[in-house]
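Tertiary structure, described
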Amino acid sequence: MICEVIVDVAHSEVDKIFDYACDFPVEAGVRVTVPFAGRTVTGFVMRVKDMSDFPAEKLKKIYRADDFPALNAECLSLAKKIAERYRCPLALTLRLFLPAEMRTGKVSERYKSYIKIADESYVPPLRAAAQLALLSYLSEKGEEEAPVLRSRFGGAVTALLKKGALSEEKRQVLRDPYKKLGGERRERVLTPAQQKAVDTVTETEKTVTLLHGVTGSGKTEIYLTLIASALEAGRTAIFLVPEISLTPQMLSQLRARFGGHAAILHSGLSAGERFDEWNRLREGSARIAIGARSAVFAPLENIGVIVIDEEHDGSYSSETSPRYTTFEIARLRAKYNRCKIVLGSATPAVETYRRAMEGEFELVRLPDRINARPMPEVEIVDMRREVRRGNPSPFSAALREKLQNTLDSGNQAILFLNRRGYAQTVICRDCGYVAKCEHCDVSLTYHSEEDCLKCHYCGARYKMLPACPSCGGRHIGYVGTGTQKVVQELKKLYPASRILRMDVDTTSGKEGHYEILSRFSRREADILVGTQMVAKGHDFPSVTLVGILDADMSLHFPDYRSGERTFQLVTQVAGRSGRAEAQGKVVLQTYDPENYILRFAAKYDYEGFYEHEIAMRAATAFPPFAKIVRVMVSGEDERETVEILKEVYGRLQQVYAAHLEKFLFFNRMHAPVKRIQNKYRYQVLMRLVEGDVLKEIYSAVYDEKYKNVLVYVEENPSNLS
Ligand code: ADP
Ligand code: ZN
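Just so you know, the residues in each chain are numbered from 1, in the order the chain's sequence is written. Chains carry letters and ligands carry numbers; both start at the beginning, A for chains and 1 for ligands, and go up in the order they are written. Only residues with pLDDT of at least 70 are given local features in this predicted model, and only at 80 or more are side-chain atom pairs given and counted; all residues enter the totals for whole chains, interfaces and linings. Side-chain figures throughout are based on the complete set of non-hydrogen atoms in the structure, without hydrogens or water.

So, the layout of surface pockets
Inclusion rule: In this analysis the probe radius is 1.4 Å and the grid spacing 1 Å, with only protein atoms considered; a cavity is a set of points the probe fits into but cannot get out of, a pocket is an open set with protein on both sides within 12 Å along at least five of seven lines, and lining residues have an atom within 4 Å of a point. Grid points are joined across faces, edges and corners, and a volume is the space filled by probe spheres set on the points. Residues are sorted three ways: Asp, Glu, Lys and Arg are charged, Ala, Val, Leu, Ile, Met, Phe, Trp, Tyr, Cys and Pro are nonpolar, and all the rest, Gly among them, are polar. As used throughout, domain bounds are those supplied by an automatic or database domain assignment.
By volume, the second largest pocket amounts to about 370 Å³. Counted by class, the lining of the second largest pocket contains 12 nonpolar, four polar and three charged residues. Split by domain, the residues of the lining of the second largest pocket number at least three in each of domain 1 (2-103) and domain 3 (192-371).

Have a look at this one:
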């Protein structure tokens, strides 16, 4: 038998399929170890065939193979498609489908030993009391874990094992990373609106349904019902959420409802746990894959529904090669499995909403919260007036008053701002020197707890400056406010209140998010201060006030999607308020109170926002009316990087010249952040009328290979810095 094998070496030069001979039966998708270039490497069987074009004596032999296929037929064909589409080595693409332990071969399944009676007729000597006790214990219990028995009955265990009266067996135990996620099972009667949504998804001819439902409209229950009916029909399901560690409540709900049928794929798990969850899906003992974008590659067969919650979230686009979007993978899997896709959001991406408006996707609207709870009232506060009134603090008078009321009434508040640390910039008031990272072209953020400066791009830390390194001056000033400073100010204003902070600095460790969220949910704190992590779908019934401290921050980000992002962020954070009986309030602080995006957000007017935004995108020819393509060229040696930029640009220019009518924009330049982690960054920026020159662009970029300089293509990148 001949096997076509792809070796797991992520070098584009060896990204070819090689023929190997095999003495034992294997099937496509099986992991093998093979001799390759004088080494032993892992590979995967892509195809099995009878004949090779190479003479039999030249073929090397497969050493070993797993006794199960790691990749099913669908995954193999999907991997090939992705590799072609993004010009990405197949070996690298296959890795999307596999937990790390499958590749390194260091699979450490965990075993436990169990002991039971093997010979019922054995009678121990009368004086051996321990042996008698042990046998009677086992005849009652059937079996017991070896360590338990050994600690109880000591040497008697070994003695009886030796005599053959007992037998010991090793069994694989699956690690259950979410054992402690209790959660009671709450099956609810769907509201008529929820039922109608379920029916529409089920009955529509269209593959994709967009659930456009305000925050608190009960979308989760709709997803769960659809997943349950897929399982009832003997099928499987994929449930995608933006950041799984931020949604412990969702996880407990899923566990409570589906028990062991739900497998959670999550980057915070240990490699072993991840492997176990993956394996349960592959074997079919778990039938729902839950996770962030990578869970779209779950090893499932016969998928009945794919749910993408918060579909607008930026985390659904991969930022490493291959730079896929989760939706397009879901689309391919839905086609193969003939199943439905459900996209849910209170603030759909403009592009998604347009496809629904044009009839490509089915659209279901859920304009009301469950039990007709009102949306929280949003008050826009003009921060320019606060400054004029001589209030330099990050809190407006209106926010202070409402915070006081909230605390007095025993409710909880969430304060959101998009900047961690203490102060955004450290500046010398004498000469204007700004502290910058040595490796990146960005200013450093002061962190008061560690009394150091941190680079938020590369993570580098620096000692706080006692004096200005440029002029020696001692008037070091802080500009801008971060989460640490907000907490400090709050403690001064409300000394009796209990405050929790949630940002990258406080959530490290496997259960960082979970800890903070569950403490807040147990009401161990009155105020939660945080970055956009606090905006994600949390459901805290006692939160009646949300303060958005700097709504402008994302608004002025240099990106065509900054308006859309701001609208989404404001709506999401606001949606955390007033989810139970008490009426919720939102205070939105801004230096730009007339801004139309903030106005629409304050009224929860998605349609109004959409009409405005789509008209502007059409007028300026931005997505979805055009495609932005960026070719990034970055390297440590600036001269070499510029040389290669010129080469790549030259080849792209030929594509441009041949298809002038398809380009709206074509130019090369510095990237907005000129250096990150010691790498100089240059780009060729293009805007295309349509996507059909993409193939040529990819060829122009990837046909030539470079050693020291990274060159890659991004389509509609979610981060243009
Ligand atoms: P969304 O995901 O749309 O923001 P959720 O799914 O979190 O909304 O639902 C909002 C709240 O309404 C939650 O507390 C949820 O438990 C509750 N809820 C959802 N569906 C029902 C129902 N059919 N009956 C009663 N309560 C419900
Ligand atoms: Zn840096």
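More follows now that the structure is in view.
What to know about the coordination of the zinc ion (ligand 2)
The following threshold applies: Sites may look incomplete, because water is not among the atoms used; the donor set itself consists of N, O and S atoms within 2.8 Å of the metal (3.2 Å for Na, K and Ca). For four-coordinate sites, all angles between 85 and 135 degrees define a tetrahedron; for four- and six-coordinate sites, opposite donors beyond 155 degrees with the remaining angles between 65 and 115 define square planar and octahedral shapes respectively, and all other cases count as irregular. The rule is simple: take the accessible area with a 1.4 Å probe, protein chains only, and divide by the maximum for that residue type; under 20% is buried, over 50% is exposed, in between is partly exposed.
For the zinc ion (ligand 2), every protein donor is listed as Cys437 (SG), Cys440 (SG), Cys455 (SG) and Cys458 (SG), and the spread of their distances is 2.3 to 2.4 Å. One can describe the donor arrangement at the zinc ion (ligand 2) as tetrahedral, given that its four donor atoms subtend angles of 103 to 113° at the metal. Judged by relative accessible area, which is 1%, Cys455 ranks as buried.

Examining the packing of aromatic side chains
Going by this rule: Between 30 and 60 degrees the pair is tilted, below 30 it is stacked and above 60 it is edge-to-face, where a pair is any two Phe, Tyr or Trp rings, Trp via its six-membered ring, whose centres lie within 6.5 Å. Helical segments are the DSSP runs of H or I of at least four residues, strand segments are the runs of E of at least two, and each set is numbered from the N terminus.
Under the criterion given, the structure shown has 25 aromatic pairs. With a centroid separation of 5.1 Å and 85° between ring planes, the pair formed by Phe520 and Phe540 is classed as edge-to-face. Taken together, the positions of Phe520 in helix α16 (residues 512-521) and Phe540 in the loop between β24 (527-530) and β25 (543-548) put the pair 20 residues apart, joining distant regions of the chain. Summarising the burial analysis for this pair, Phe520 and Phe540 share the class buried. Seen in terms of ring centroids, Tyr656 and Phe663 are 5.1 Å apart; in terms of plane orientation they differ by 85°. Their pairing is edge-to-face. Here the aromatic residues Tyr353, Phe567, Tyr606, Phe609 and Tyr610 are joined through ring pairs into a cluster of three or more.

Observations regarding the packing of helix α18 (residues 562-574) against helix α20 (residues 606-620)
Stated precisely, the cut-off is as follows: Each axis is a line fitted through C-alpha atoms, and for a helix only the stretch in contact is used; angles between axes span 0 to 180 degrees, taken between their N-to-C directions. Orientation labels follow simple angle bins: below 35 degrees gives roughly parallel, above 145 gives roughly antiparallel, 65 to 115 gives roughly perpendicular, and whatever is left gives oblique. Contacts are assigned to residue pairs that have any heavy atoms within 4.5 Å of one another.
Where α18 contacts α20, the axes come no closer than 11 Å and their chain directions differ by 170°. Between α18 and α20, the interaxial angle falls into the category roughly antiparallel. Where α18 approaches α20, its residues Gly563, Glu564 and Phe567 are matched on the opposing element by Tyr606, Phe609 and Arg617. Here the residues of the contact of α18 with α20 are counted per class, giving three nonpolar, one polar and two charged.

Some thoughts on the site of ligand 1
How we decide: Nearness is defined per residue: one heavy atom within 4 Å of the molecule or strand is enough. In protein, a polar contact requires one atom able to donate a hydrogen and another able to accept it; more generally it is a pair of N or O atoms within 3.5 Å, and residues adjacent in sequence count only if both atoms are side-chain atoms. In this description, accessible areas are obtained by the Shrake-Rupley approach with a 1.4 Å probe, and a residue is regarded as covered only by the protein chains that are shown.
Not every one of the 16 residues close to ligand 1 is listed here, only the nearest: Arg188, Val189, Gln194, Gly216 and Asp539. In this structure, Thr220 approaches ligand 1 through a side-chain N or O atom, which is 2.9 Å from an oxygen atom. In the environment of ligand 1, an oxygen atom lies 3.1 Å from a nitrogen or oxygen atom belonging to the side chain of Arg579. Coverage of ligand 1 by the protein amounts to 81% of the 570 Å² it exposes when considered alone.

What to know about a nonpolar patch on the surface
For clarity, the cut-off: Like-charged residues within 9 Å of one another, or nonpolar side chains (Val, Leu, Ile, Met, Phe, Trp, Tyr) within 5 Å, are grouped into patches, provided each residue has over 30% relative accessible area and no salt bridge. Definition used for salt bridges: Asp or Glu carboxyl oxygen within 4 Å of a side-chain nitrogen of Lys or Arg.
Together, Leu664, Phe665 and Val689 make up a nonpolar patch on the protein surface, roughly 230 Å² of accessible area in all. One can find Phe665 in strand β28 (residues 663-676). The class of Phe665 is partly exposed, set by a relative accessible area of 32%.

Notes on the pattern of salt bridges
For the structure on display, the rule yields 39 salt bridges. In this structure, Arg47 and Glu4 form a salt bridge, with 3.2 Å as the shortest nitrogen-oxygen distance. Of the two residues, Arg47 sits in strand β4 (residues 39-49) while Glu4 sits in strand β1 (residues 2-7), which places them 43 residues apart along the sequence. Residue Arg501 pairs with Asp503 through a salt bridge whose shortest N-O separation is 3.0 Å. The network of salt bridges with shared partners includes Arg420, Glu450, Lys454, Arg461 and Asp505.

Re the sheet that holds strand β13 (residues 303-309)
Rules: What makes two strands pair is DSSP finding at least two bridges between them.
If you walk across this open sheet you meet the seven strands as β11-β12-β10-β13-β14-β9-β15, and the pairing is parallel. Looking at strand neighbours, the two that pair on one side only are β11 (262-265) and β15 (362-366), the edges of this open sheet. With direction set aside, neighbouring strand axes in the sheet form an average angle of 15°. Bridge count for β13 against strand β14 (residues 340-345) is five bridges, and the pairing is parallel.

Examining the sheet that holds strand β3 (residues 30-36)
Consider a sheet: its strands pair through backbone hydrogen bonds, and that pairing is either parallel or antiparallel. Strand order in the open sheet formed by five strands is β2-β1-β4-β3-β5, and the pairing between neighbours is antiparallel. Either end of the sheet is taken by a strand with one partner, and the two such strands are β2 (17-21) and β5 (64-69). Averaged over all pairs of adjacent strands, the angle between their axes in this sheet comes to 40°, without regard to strand direction. The sheet contact formed by β1 and β2 spans five bridges and is antiparallel. Paired with Val5 across the bridge in β2 is Phe18.

Structural notes on helix α15 (residues 483-493)
Every buried residue of α15 is listed here: Thr483, Gln484, Lys485, Val486, Val487, Glu489 and Leu490. Among the structural elements, α14 (397-408), β17 (412-416), β19 (445-447), β23 (499-502) and β24 are those in contact with the buried residues of α15.

Let's talk about the nonpolar core
Going by this rule: The nonpolar core is taken to be a set of buried Ala, Val, Leu, Ile, Met, Phe, Trp, Tyr and Cys residues, with the residues joined through side-chain atoms within 4.5 Å.
By size, the foremost hydrophobic cluster in this structure holds 116 residues, and its most contacted members are Val631, Leu652, Met686 and Ile697. Among the elements that make up this core, the one with the highest residue count is helix α1 (residues 73-86) (seven residues). Other than its neighbours up to four places away in sequence, Ile697 contacts Val629, Leu652, Val655, Phe663, Met686 and Leu688. Counting 29 residues, the second-largest nonpolar core is a separate cluster that includes Val198, Ala237, Val241 and Val342.

A short note on the domain arrangement of the protein chain
The line we're drawing: In short, buried area is how much 1.4 Å probe accessible area vanishes from two parts on joining, totalled over both.
Looking at the protein chain, the domain boundaries give domain 1 (2-103), domain 2 (111-172), domain 3 (192-371), domain 4 (373-423 + 480-617), domain 5 (429-471) and domain 6 (627-715). Opposite the eight residues of domain 5 that make contact, domain 6 presents six residues. Here domain 5 and domain 6 share an interface that buries about 600 Å² over both sides, 50% of which is from carbon and sulfur atoms. At the junction of domain 5 and domain 6, the tally comes to zero salt bridges. Our enumeration of links across domain 5 and domain 6 arrives at four residue pairs in polar contact (both at pLDDT 80 or more). The class makeup of the residues in the side of domain 5 that touches domain 6 is five nonpolar, one polar and two charged.

Thoughts on unusual backbone geometry
The general pattern is negative phi for most residues beyond glycine and trans for most peptide bonds. The amide bond that connects Ser321 to the next residue, Pro322, takes the cis arrangement and shows omega of -5°. Along the chain, Pro322 turns up in the loop between β13 and α11 (326-337). Its identity is not glycine, yet Arg523 carries a phi of approximately 65°, on the positive side. By secondary structure assignment, the location of Arg523 is in the loop between α16 and β24. Its identity is not glycine, yet Gln677 carries a phi of approximately 45°, on the positive side.

So, the environment of Asp119
Mapped onto the elements of the fold, Asp119 is located in the loop between β6 (110-117) and α4 (129-141). In this structure, the C-alpha to C-alpha distance between Asp119 and Ser167, residues 48 residues apart in sequence, is 8.6 Å. What Asp119 contacts, discounting residues up to four positions off in sequence, is Gly164 and Ala165.

Let's talk about the side chain of Ser721
Looking at the secondary structure, you find Ser721 in the segment after β30 (710-715). Look at Ser721 and you get buried, because its relative accessible area is 12%. Excluding residues that lie within four positions of it along the chain, Ser721 makes contacts with Tyr457, Arg630, Met632, Pro672, Val673 and Arg681.

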